[in-house]
Amino acid sequence: AGQRILLPRADLARKGLARALEAKGALVEEVTIYRTLPNSSVEKKIQEALQGGEIDWITFTSASAVRNFADLMRGEDVVGQSQVTHYPYSKNIKVACIGPITEKACKEEGIPVQTVAKEHTIEGLVDEMVKWLNG
């Protein structure tokens, strides 16, 4: 109680941490320090790499990245079906998420997920991918 906390965050970040700290009596100052934006200039390259079988894994580290990717892939007439709804994927492409919020965003977009990091870090994500590959 009474602690002053600066909480730098993304513009789309959930408010749970700030609210929990405030509930304990902290004075929380939230500051937006970055925004996640789609990069439509790479759309064609991504689609070609996916269709050409050059991609084995897609890793998502935020729900906004999932939504931006899904929007990017819906941006043009996409033909073909695969295990991932709406996208021109090889059926061999696997998807890994950094945590359950990101996994939920994938499910909402119709993207099946093979593995989710138990430790919500890049290292944890890689560990889960390795475990998945090793059965």
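Residues numbered from 1 in each chain as written. Predicted model: local features only at pLDDT ≥ 70, side-chain atom pairs only at ≥ 80, totals over all residues. Heavy atoms only, no water.

Trainee: Help me get a handle on the sheet that holds strand 3 (residues 57-60), residues and values and all.
Mentor: Within a sheet, adjacent strands bond to each other through the backbone by hydrogen bonds, running parallel or antiparallel. The three strands lie next to each other as 3-4-5, forming an open sheet whose pairing is parallel. Every interior strand has two partners, whereas the edge strands, strand 3 and strand 5 (115-116), have only one. With four bridges joining them, strand 3 and strand 4 (residues 94-97) adopt parallel strand pairing. Within strand 4, the position partnered with Thr59 by the bridge is Ala96. (Pairing = 2+ DSSP bridges. Helix = DSSP H or I, 4+ residues; strand = E, 2+ residues; numbered from the N terminus.)

Trainee: How would you summarise the packing of helix 2 (residues 43-51) against helix 3 (residues 63-73) if you had to cite specific residues and measurements?
Mentor: One can describe the packing of helix 2 onto helix 3 by two numbers: an axis separation of 10 Å at closest approach and a directional angle of 85 degrees. The orientation of helix 2 with respect to helix 3, classified from their angle, is roughly perpendicular. In this structure, helix 2 contributes Glu43, Ile46, Gln47 and Leu50 to the contact, and helix 3 contributes Phe69, Leu72 and Met73. (Axes fitted to C-alpha atoms, helices over the stretch in contact; angles between N-to-C directions. Parallel < 35°, antiparallel > 145°, perpendicular 65-115°, else oblique. Contact = heavy atoms within 4.5 Å.)

Trainee: Explain the side chain of Glu128 to me, using residue names and the numbers behind them.
Mentor: In this fold, Glu128 is placed in helix 5 (residues 122-133). A residue is classified by how much of its surface remains accessible, and Glu128, at 7% relative accessible area, is buried. When neighbours within four sequence positions are excluded, Glu128 is seen to be in contact with Thr115, Val116, Ala117 and Lys118. (Buried < 20%, exposed > 50% of the residue type's maximum accessible area, 1.4 Å probe, protein only.)

Trainee: Requested: an account of helix 2, with residues and values cited.
Mentor: Inspection of helix 2 places Glu43, Gln47, Ala49 and Leu50 among the buried residues, and these make up the whole buried set. Around the axis of helix 2, the buried residues are gathered within 165 degrees of arc, so they sit on the same side. Buried-residue contacts for helix 2 involve strand 3 and helix 3. (Arc of directions from axis to C-beta.)

Trainee: Any details on the pairing of strand 4? Residues and values, ideally.
Mentor: What you see with strand 4 is no split at all: Lys94 and Ala96 on one side and Val95 and Cys97 on the other are buried throughout. Taken together, the two bridges between strand 4 and strand 5 define a ladder with parallel strand orientation. Across the sheet, the residue bridging to Ala96 is Thr115, located in strand 5. In this region the chain leaves strand 4, passes through helix 4 (residues 100-108) and returns to the parallel neighbour strand 5; the handedness of that crossover is right-handed. (Right-handed = clockwise from strand over helix to strand, strands pointing away.)

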